[in-house]
Amino acid sequence: MQELEKLSNNPLLSEYNEFTALEPILGYHNICRAYETLKGNAPKAYYHSMQITGIIESRNKINKNFIGRYVRGILNAAKCSADLGKKDESWQLLEKLKATPVDNMGDAEWLELSYVSGLIYYLKAFPDPDRTELAKYAEEKIINPTLFSGAFKLICILDIAIFYFSLKNFHHSLDLLDIIINKKTEGSKVVYVHTRLLQIVIHYE
């Protein structure tokens, strides 16, 4: 982290606003967003995510060349908004993400999966019994398809389990945790350990 801090303060980066090409500017903000996320600095991570989407929109570049940057920018901004407790703004960003225009079936599928991952993050941050139908929708999307990688899928399943735990639906939360435990080799040790800890807490409850 100390090395990253030195790099982020490099004088060359102070002139990023003078870049005329779009890709270097977006790359700069994306790297800063990832770095601030690692540091746990949600306000700065949110700022850089919003810069990505704002710059693309201001240059009318919501097209196939930058759609990936744009969608990820909105998704990251929605997650950062959730981290900051901005419930309404996070939801509005997710709705904006879902409405992003795409040209082909592959992009549409990828967009939907991006939306689902953001939705799961939102549900975990703001558990609400009125959102249970959305949780069921997200659960179906995340568990059934084979499009998500195993490790990422397990993280999403854990987040949905946390949503149900927050609503005191302990039985369904345990059912979801069992999926992760049975797929131990596909995920990280961190996810597995968090799953076991939540499982213990639920049994106490």
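Residues numbered from 1 in each chain as written. Predicted model: local features only at pLDDT ≥ 70, side-chain atom pairs only at ≥ 80, totals over all residues. Heavy atoms only, no water.

Chemist: Describe the overall build of the protein, and please don't skip the residues or the numbers.
Modeler: Along the backbone of the protein there are 10 helices and zero strands. Across the protein, helices and strands are ordered from the amino to the carboxyl terminus as α-α-α-α-α-α-α-α-α-α. Since a compact globule built from 205 residues should have a radius of gyration of about 17 Å, the 18 Å found for the protein is in line with a globular shape. Projecting the C-alpha coordinates of the protein onto the three principal axes gives extents of approximately 55 × 40 × 30 Å. Taking all 205 residues of the protein together, the buried fraction comes to 40%. (Helix = DSSP H or I, 4+ residues; strand = E, 2+ residues; numbered from the N terminus. Rg over C-alpha atoms; globule rule 2.2 N^0.38 Å. Buried < 20%, exposed > 50% of the residue type's maximum accessible area, 1.4 Å probe, protein only.)

Chemist: Just give me the short version of the layout of surface pockets, but keep the residues and values in it.
Modeler: Empty space within the largest pocket amounts to approximately 370 Å³. Thr-37, Asn-76, Lys-79, Asp-83 and Tyr-121 are, among the 19 residues lining the largest pocket, the residues nearest its centre. Residue assignment for the lining of the largest pocket shows that the elements contributing at least two residues are α2 (22-39), α3 (42-58), α4 (67-83), α6 (105-125) and α8 (150-166). Per-class residue counts for the lining of the largest pocket are eight nonpolar, five polar and six charged. (1 Å grid on protein atoms, 1.4 Å probe; cavity = no way out; pocket = protein on both sides within 12 Å on 5 of 7 lines; lining within 4 Å. Points joined across faces, edges and corners; volume = space filled by probe spheres on them. Nonpolar A, V, L, I, M, F, W, Y, C, P; charged D, E, K, R; others polar.)

Chemist: Tell me what's going on with the pattern of salt bridges, and back it up with residues and numbers.
Modeler: This structure, assessed with the given rule, holds eight salt bridges. As a salt-bridge pair, Lys-96 and Glu-57 come within 2.6 Å of each other at their nearest N and O atoms. With Lys-96 in helix α5 (residues 87-98) and Glu-57 in helix α3, the pair connects residues that are 39 residues apart, well separated along the chain. Across the pair Glu-112 and Lys-141 runs a salt bridge, and its minimum N-O distance is 3.0 Å. In this pair, Glu-112 is assigned in helix α6 and Lys-141 in helix α7 (residues 132-143), connecting sequence segments 29 residues apart. Since its relative accessible area comes to 29%, Glu-112 is described here as partly exposed. (Salt bridge = Lys/Arg side-chain N within 4 Å of Asp/Glu carboxyl O.)

Chemist: Explain the confidence of the model for the protein to me, and be specific about the residues and the numbers.
Modeler: Summarising the model, the protein shows a mean pLDDT of 86, and 92% of its residues fall at 70 or more. The weakest mean pLDDT in the protein belongs to helix α1 (residues 2-8) at 77; the strongest belongs to α5 at 95. (pLDDT = per-residue confidence, 0-100.)

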